[in-house]
Amino acid sequence: MMTRTCAFLGGTAMWLVGGVAEAQELNALVWCDHTDDALIKPFEEEFGVTVNVREYEGTGAALALLEQSRPGDWDVLVIDGIDVFRAVESGLMAPLPEDDLPVADFFPEIVMAENNTLDGVTYAVTEKFGYNTISYNSEAVDPADMQDLSMVWSDKYAGRISIYDYYLPVMGLAALAEGVNTADVDAASLETISPVLTQMRSSAASVAGVVAAQTALATGEVDIVVGGGEWLTAVLAEEQPELTWTIPDQGAVRWTQSIGVLADSEQPDLALEFVKYIVSPEGQARLATSSCFWGMPANAAAGDILTDDQRAVLRWDEQEDYLARTQLYPAPDTDLDIEMQDLWLDKLSQ
């Protein structure tokens, strides 16, 4: 984890505190793409505030950190779209005024009201999405093989793949390879998924996090990353165009991330302004091309701000097809989630 703090004191008057120009701070739990100065500085300069961001990995880690923190320590939370309900059911999220959110400009499939709202109340808004699929070196493997998931982790490529170390998307890919929709993954499905995970691990050189998997592909240590996607290779595209990604014939898993205001925030108005900035066309374009990882902006209006080259790297014109051929992460309940994690540890930690 890391914490980044930058202060800019020459911004606009602090109307958020009755017009009195006082330095304020906003504390946000985020994914690494929100730690980019290019994203954070414009907001800090506009409002004359300090944004403190703390990076985390995995919803469980964020919820544990919030549980250990004092009320009011945190103002904004970025969270996996399928996990918003966990934060809402825990009473962590504040309602958001729908009229302040430009969801009419979003890709329709990415609004995900069923995830971001409860009983008609909006608690979060989708901010970014992309795909956990197959990244590969097009000069080192047969691209045709990458269209068939069973070929990706077959003996043909033994020792040449890395597996992204996150159980939900990778187990989702394993399910799709066996014809099981991610929404239908249940305890019985794990018997189907188990041998696929065994085959994956036997062919893998490593099970790695974001940076390690990206480095392994970039240096040629591996030629394929299972669970990769545009988020893994887009930042490498200019220098290593041979590193690319595809949606296999069986489909792939779609990730989304949402952002919302924490119920105990002591700066709720400022926190809402930050959310509004992040989902504005300008904020979305900066978030989409963050130096940590690229991804598609939820707000399609960001396409008017991105350059032609950036749109090409993100494959903007192919999103309609990709959205139709991909499925959301499995969304297990507590008991199934424990079973899935146990299976992951058993198969992937060998």
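Residues numbered from 1 in each chain as written. Predicted model: local features only at pLDDT ≥ 70, side-chain atom pairs only at ≥ 80, totals over all residues. Heavy atoms only, no water.

A.B. asks: Tell me what's going on with the overall build of the protein chain, and back it up with residues and numbers.
C.D. replies: A tally of regular secondary structure across the protein chain gives 15 helices and 14 strands. Computed over the C-alpha atoms, the radius of gyration of the protein chain is 20 Å, within 12% of the 20 Å expected from 2.2 N^0.38 for a compact globule of 350 residues. Considering only C-alpha atoms, the protein chain reaches an extent of 65 × 45 × 35 Å along its principal axes. Across the 350 residues that make up the protein chain, the buried fraction comes to 56%. Contacts in the protein chain between residues at least 24 apart in sequence constitute 77% of all its contacts with a sequence separation of at least 6. (Helix = DSSP H or I, 4+ residues; strand = E, 2+ residues; numbered from the N terminus. Rg over C-alpha atoms; globule rule 2.2 N^0.38 Å. Buried < 20%, exposed > 50% of the residue type's maximum accessible area, 1.4 Å probe, protein only. Contact = heavy atoms within 4.5 Å.)

A.B. asks: With reference to specific residues and values, describe helix α8 (residues 189-203).
C.D. replies: In this model, α8 (15 residues) spans 22 Å end to end at C-alpha, consistent with the 21 Å of a helix rising 1.5 Å per residue. Within the sequence span of α8, burial applies to Ser189, Leu190, Ile193, Ser194, Val196, Leu197, Met200, Arg201 and Ser203. Packing partners of the buried residues in α8 comprise β8 (161-164), α7 (167-177), β9 (204-208), β10 (224-228) and α15 (334-348). (Expected span 1.5 Å × (residues − 1).)

A.B. asks: Which residues make up the state of the cysteines, and what are the values?
C.D. replies: Applying the stated criterion across every chain, the model contains one disulfide. Two residues, Cys32 and Cys292, share a disulfide whose sulfurs are 1.8 Å apart. One quick way to see it: the torsion about the S-S bond of Cys32 and Cys292 is about -65 degrees, and its sign makes the bridge left-handed. Pair noted here: Cys32 is in the loop between β2 (24-30) and α1 (37-47) and Cys292 is in the loop between α12 (281-288) and β13 (296-297), with a separation of 260 residues, a long-range link. Residue Cys292 is classed as partly exposed on the basis of its relative accessible area, which comes to 23%. (Disulfide = S-S within 2.5 Å.)

A.B. asks: Now, about the environment of Thr198: what can you tell me, with residues and values included?
C.D. replies: Along the chain, Thr198 turns up in helix α8. It is 42 Å that separates the C-alpha atoms of Thr198 and Ala94, two residues lying 104 residues apart in sequence.

A.B. asks: Tell me about the pattern of salt bridges, and name the residues and values.
C.D. replies: Within this structure, the stated rule accounts for eight salt bridges. Residues Arg86 and Asp83 are paired through a salt bridge, measuring 3.9 Å at the closest nitrogen-oxygen approach. Judged by relative accessible area, Arg86 falls into the partly exposed class, the value being 30%. A salt bridge links Lys276 to Glu273, with the shortest nitrogen-to-oxygen separation between them at 3.3 Å. Of this pair, Lys276 and Glu273 both sit in helix α11 (residues 268-278), three residues apart, which is roughly one turn of that helix. (Salt bridge = Lys/Arg side-chain N within 4 Å of Asp/Glu carboxyl O.)

A.B. asks: Please set out a negative patch on the surface residue by residue, giving values where relevant.
C.D. replies: Side chains of Asp333, Asp335, Glu339, Asp342 and Asp346 sit close together on the surface and give a patch of like negative charge. Secondary-structure assignment places Glu339 in helix α15. Given a relative accessible area of 38%, Glu339 falls into the partly exposed group. (Patch = residues over 30% accessible without salt bridge, like charges linked within 9 Å, V, L, I, M, F, W, Y side chains within 5 Å. Areas by Shrake-Rupley, 256 points an atom, 1.4 Å probe, with all protein chains shown as cover. Lys, Arg positive; Asp, Glu negative; His and termini not counted. Charge placed at Lys NZ, Arg CZ, Asp CG, Glu CD.)

A.B. asks: Describe unusual backbone geometry, naming the residues involved and giving the relevant values.
C.D. replies: Not every positive phi belongs to a glycine, and Met112 is a case in point at roughly 50 degrees. Secondary-structure assignment places Met112 in the loop between α4 (108-111) and α5 (113-116). In this structure Met112 comes out as buried when scored by relative accessible area, which is 4%. Here Arg315, not a glycine, exhibits a phi torsion of approximately 55 degrees, which is positive.

A.B. asks: Which residues make up the nonpolar core, and what values go with them?
C.D. replies: Core analysis: the biggest nonpolar cluster contains 115 residues, and Phe43, Leu77, Met171, Met200, Ile224, Val226 and Phe274 have the highest contact counts within it. When residues of this core are assigned to their parent elements, the largest contribution, eight residues, is made by α7. With residues up to four places along the chain from it excluded, the contact list for Val226 reads Thr133, Ile134, Val152, Trp153, Ile161, Ser162, Ile163, Tyr164, Val170, Leu173 and Met200. (Core = buried A, V, L, I, M, F, W, Y, C linked by side-chain atoms within 4.5 Å.)

A.B. asks: Can you lay out the side chain of Glu127 for me, pointing to particular residues and giving the numbers?
C.D. replies: Locating Glu127 in the fold gives a position in strand β7 (residues 125-137). Among buried Asp, Glu, Lys and Arg side chains, Glu127 stands out as unpaired, with Lys128 the closest opposite charge at 7.1 Å. One polar contact links Glu127 to His34, side chain to side chain, over a distance of 2.9 Å. Not counting the four nearest positions on each side in its chain, Glu127 is found in contact with His34, Val78, Gln257, Ser258, Ile259, Ile278, Val279, Gln284, Leu287, Pro297 and Ala298. (Polar contact = N/O pair within 3.5 Å; in protein donor to acceptor, adjacent residues only side chain to side chain.)

A.B. asks: Tell me about the layout of surface pockets, and please be specific about residues and values.
C.D. replies: Roughly 530 Å³ of volume is contained in the largest pocket. Contributing elements (two or more residues each) for the lining of the largest pocket: α9 (210-219) and β12 (252-261). Sort the elements by how many residues they give to the lining of the largest pocket and α9 lands first, with three residues. Partitioned by chemical class, the residues of the lining of the largest pocket number 12 nonpolar, six polar and four charged. There is about 310 Å³ of room inside the second largest pocket. Lining the second largest pocket are 19 residues, and of these Thr59, Asp83, Arg86, Tyr167 and Asp337 sit closest to its centre. Looking at the lining of the second largest pocket, the elements that each hand over two or more residues are α2 (59-68), α3 (84-89), α7 and α15. (1 Å grid on protein atoms, 1.4 Å probe; cavity = no way out; pocket = protein on both sides within 12 Å on 5 of 7 lines; lining within 4 Å. Points joined across faces, edges and corners; volume = space filled by probe spheres on them. Nonpolar A, V, L, I, M, F, W, Y, C, P; charged D, E, K, R; others polar.)

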